[in-house]
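Residue-level structure breakdown
Each chain is listed here by its residues.
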Amino acid sequence: MTEFAIETPPIVALPIAGSDAKFPVRRVYCIGRNYAAHAIEMGHDPDREQPFFFQKNPNNLDPSGTFPYPPHSSDVHHEAEVAVMLKSGGTNIPIDAAESHIFGYALSLDMTRRDLQGAQKKMGRPWEIGKAFERSAPVGPIHPVTETGLLNEGAVVLKVNGEVRQEGDMNQMIWKVPEMISYLSDYFELAAGDVILSGTPSGVGPVQRGDVMELFVDGLGVLQVKVT
Ligand code: MN
């Protein structure tokens, strides 16, 4: 057995609906501007030239149901997303084989310090301080694909304090889930435990302490997260 020189970091393990087993997380990839209406609201043209990705840290995923308002920002936005969990991976995965690597899906939020992200964008710098901060990705239980079937359509709705803020449909994704898996596998080696946040529909906006966010996606139940 390996002896470690320091305390070993815990494995990030997410709950699976209807199971006592947990899903261990390896990497977290997030796609940017994957719904046309959201690209437009962020001041960009929607296009299919090239998708782009950034990463969050595995332990940014947080199933606790609370989101502590992070420091150094006064403009923290919700982005409602479907997370795709992989049970296997590889490189150069063809699009028509991509869905065979899916373990399941979960509701998730790509919480964003928009003011910090905007400043980084202006300076042409990386986005981590806007995107990959502590507990920046609230996530619901994983629904195995064996239960849900493959998800390529379905309403995505985010309410804040009961009021609809974001509304779209998975069928509006510019890059579909199998295309994202295939594209990522051309640049990275994908593997079991990888998670892909599949982008957000339009209507992103700020939250305040005390707000309750509720995300609904057909087939994935409800994710309720309180801003504390
Ligand atoms: Mn996002």
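Everything that follows concerns the structure shown earlier in this document.
Note that this is a predicted model, so its numbers are computed, not measured.

Below, the discussion takes up the coordination of the manganese ion. The coordination sphere of the manganese ion contains the protein donors Glu79 (OE), Glu81 (OE) and Asp110 (OD), at a distance range of 2.0 to 2.1 Å. In the primary sequence, the donor residues of the manganese ion line up as E-x1-E-x28-D. Of this pair, glutamate 81 sits in strand β8 (residues 80–86) while aspartate 110 sits in the loop between β9 (102–109) and β10 (112–113), and the two are 29 residues apart along the sequence. Here glutamate 81 matches aspartate 110 in class, with each residue buried.

As a further point, take the pairing of strand β3 (residues 28–31). Across the two faces of β3 the burial is the same, with Val28 and Cys30 and Tyr29 and Ile31 all buried. In terms of strand pairing, β3 meets strand β4 (residues 53–56) through four bridges, oriented antiparallel. Within β4, the position partnered with tyrosine 29 by the bridge is glutamine 55. Direction of pairing for β3 relative to strand β15 (residues 195–197): parallel, over a ladder of three bridges.

Read from one edge of the open sheet, six strands run β4-β3-β15-β8-β9-β12, paired in mixed fashion. One side of each edge strand has no neighbouring strand; the edge strands of this open sheet are β4 and β12 (143–144).

Now for helix α6 (residues 177–187). Across the 11 residues that make up α6, a large majority, nine, are buried. Taken together, the buried positions of α6 are occupied by Val177, Pro178, Glu179, Met180, Ile181, Ser182, Tyr183, Leu184 and Ser185. Tucked inside the fold, the buried residues of α6 contact β3, β4, β8, α2 (95–98), β9 and β15.

Moving on: the sheet that holds strand β17 (residues 212–217). Taken together, five strands build an open sheet; the order of strands is β6-β18-β17-β13-β14 and the sheet is mixed. Pairing within the sheet leaves two strands with one partner each, and these edge strands are β6 (66–67) and β14 (163–169). When strand β13 (residues 155–160) meets β14, the two strands line up antiparallel, connected through six bridges. Within β14, the residue paired with lysine 159 across the bridge is valine 164.

Next up on the list: the pattern of salt bridges. Taken as a whole and judged by the stated rule, the model has six salt bridges. Salt-bridge contacts for aspartate 110 lead to lysine 56; the nearest nitrogen and oxygen are separated by 2.8 Å. Linking aspartate 110 in the loop between β9 and β10 with lysine 56 in strand β4, this pair joins segments that are 54 residues apart in sequence. Like lysine 56, aspartate 110 is buried. The shortest N-O distance in the salt bridge between aspartate 110 and lysine 131 comes to 2.9 Å. In this pair, aspartate 110 is assigned in the loop between β9 and β10 and lysine 131 in helix α4 (residues 128–131), connecting sequence segments 21 residues apart. Judged on exposure class, the residue aspartate 110 and its partner lysine 131 are both buried. Through salt bridges with shared partners, one network takes in Lys56, Glu79, Asp110, Arg114 and Lys131.

What follows covers the packing of aromatic side chains. Summed over all chains, the structure comprises seven aromatic pairs. Ring centres of phenylalanine 54 and tryptophan 127 lie 5.5 Å apart, and the angle between their planes is 50 degrees; on these two criteria the pair is classed as tilted. One end of the pair, phenylalanine 54, is in strand β4; the other, tryptophan 127, is in the loop between α3 (114–122) and α4, with 73 residues separating them in the sequence. Each of the two residues, phenylalanine 54 as well as tryptophan 127, counts as buried. Members of the aromatic cluster, connected to one another through ring pairs, are Phe52, Phe54 and Trp127. Above the plane of the ring of phenylalanine 133 lies lysine 56, whose end atom (NZ or CZ) is 6.0 Å from the centre.

This part takes up α3. Within α3, the full set of buried residues consists of Arg114, Leu116, Gln117 and Gln120. What you see down the axis of α3 is that its buried residues fit within an arc of 160 degrees, all on one side. Summarising the contacts, the buried residues of α3 are in contact with β7 (76–78), β10 and α4. Glycine 124 sits one or two positions beyond α3 and adopts a positive phi of about 65 degrees.

Definitions and limits used
- Residues numbered from 1 in each chain as written.
- Predicted model: local features only at pLDDT ≥ 70, side-chain atom pairs only at ≥ 80, totals over all residues.
- Heavy atoms only, no water.
- Donors = N, O, S within 2.8 Å, 3.2 Å for Na, K, Ca; no water.
- Helix = DSSP H or I, 4+ residues; strand = E, 2+ residues; numbered from the N terminus.
- Buried < 20%, exposed > 50% of the residue type's maximum accessible area, 1.4 Å probe, protein only.
- Pairing = 2+ DSSP bridges.
- Contact = heavy atoms within 4.5 Å.
- Salt bridge = Lys/Arg side-chain N within 4 Å of Asp/Glu carboxyl O.
- Phe/Tyr/Trp six-rings, centres within 6.5 Å; stacked < 30°, edge-to-face > 60°.
- Lys NZ or Arg CZ within 6 Å of the ring centre and 35° of its normal.
- Arc of directions from axis to C-beta.

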